[in-house]
Amino acid sequence: MKKGMILYVSQGREDVPLKTSGELAGTARFFGVADVFVAGSEEEAAYGWMSLITRGMQQIMFMTVGYDAGSDSFESLSTPVRLYG
C-alpha cells in the first residue's frame, strides 16, 4: 500500500523553499511514506490531498510541522492523522 503525507507547515512557513518531489524523497523516507506534499495554507492542503490521490497514494496522512531553515528540516508538531484509506 502506497502511503502519502501532507505536511502542514505552521511554524517557519515563510522560510520553506520550493522543493521538487525528488528533493523531498529524504523527508518522505524520514516519515515512512512514499510521497509528501508540503502545504502552507488550508487551500494547499486540500490541493495536496487530491494531488497525492492522483499520484496513486492509497493512504494519506496529515501532520502539522515546523520548518527549521538552519538545518533545512521539518520537525513534527503533532501526531499524524489519517485522512484517507
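Described in the following lines is the structure provided in the data block. (Residues numbered from 1 in each chain as written. Predicted model: local features only at pLDDT ≥ 70, side-chain atom pairs only at ≥ 80, totals over all residues. Heavy atoms only, no water.)

## Digging into the overall build of the protein
Part 1 of the reasoning: In terms of helices and strands, the protein carries two helices and five strands.
Part 2 of the reasoning: Shown N-terminal to C-terminal, the secondary structure of the protein runs as helices and strands in the order β-α-β-α-β-β-β.
Part 3 of the reasoning: Scaling as 2.2 N^0.38, a compact globule of 85 residues should have a C-alpha radius of gyration of about 12 Å, and the protein matches this with 12 Å.
Part 4 of the reasoning: Seen through its principal axes, the protein has C-alpha atoms that stretch 35 × 25 × 20 Å.
Part 5 of the reasoning: Counting all 85 residues of the protein, 38% fall into the buried class.
Part 6 of the reasoning: Looking at the protein alone, contacts between residues at least 24 apart form 62% of all its contacts between residues at least 6 apart.
Part 7 of the reasoning: Total accessible area on the protein is roughly 5000 Å²; 55% of this is exposed by carbon and sulfur atoms. (Helix = DSSP H or I, 4+ residues; strand = E, 2+ residues; numbered from the N terminus. Rg over C-alpha atoms; globule rule 2.2 N^0.38 Å. Buried < 20%, exposed > 50% of the residue type's maximum accessible area, 1.4 Å probe, protein only. Contact = heavy atoms within 4.5 Å. Areas by Shrake-Rupley, 256 points an atom, 1.4 Å probe, with all protein chains shown as cover.)

## Overview of the pattern of salt bridges
Here the idea is simple: oppositely charged side chains can pair when their charged atoms come close.
Part 1 of the reasoning: Inspection of the entire model under this criterion finds one salt bridge.
Part 2 of the reasoning: A salt bridge links Arg 55 to Asp 35; its shortest N-O distance comes to 2.6 Å. Taken as a pair, Arg 55 in the loop between helix 2 (42-54) and strand 3 (59-68) and Asp 35 in strand 2 (residues 35-39) lie far apart in primary sequence, 20 residues in all. (Salt bridge = Lys/Arg side-chain N within 4 Å of Asp/Glu carboxyl O.)

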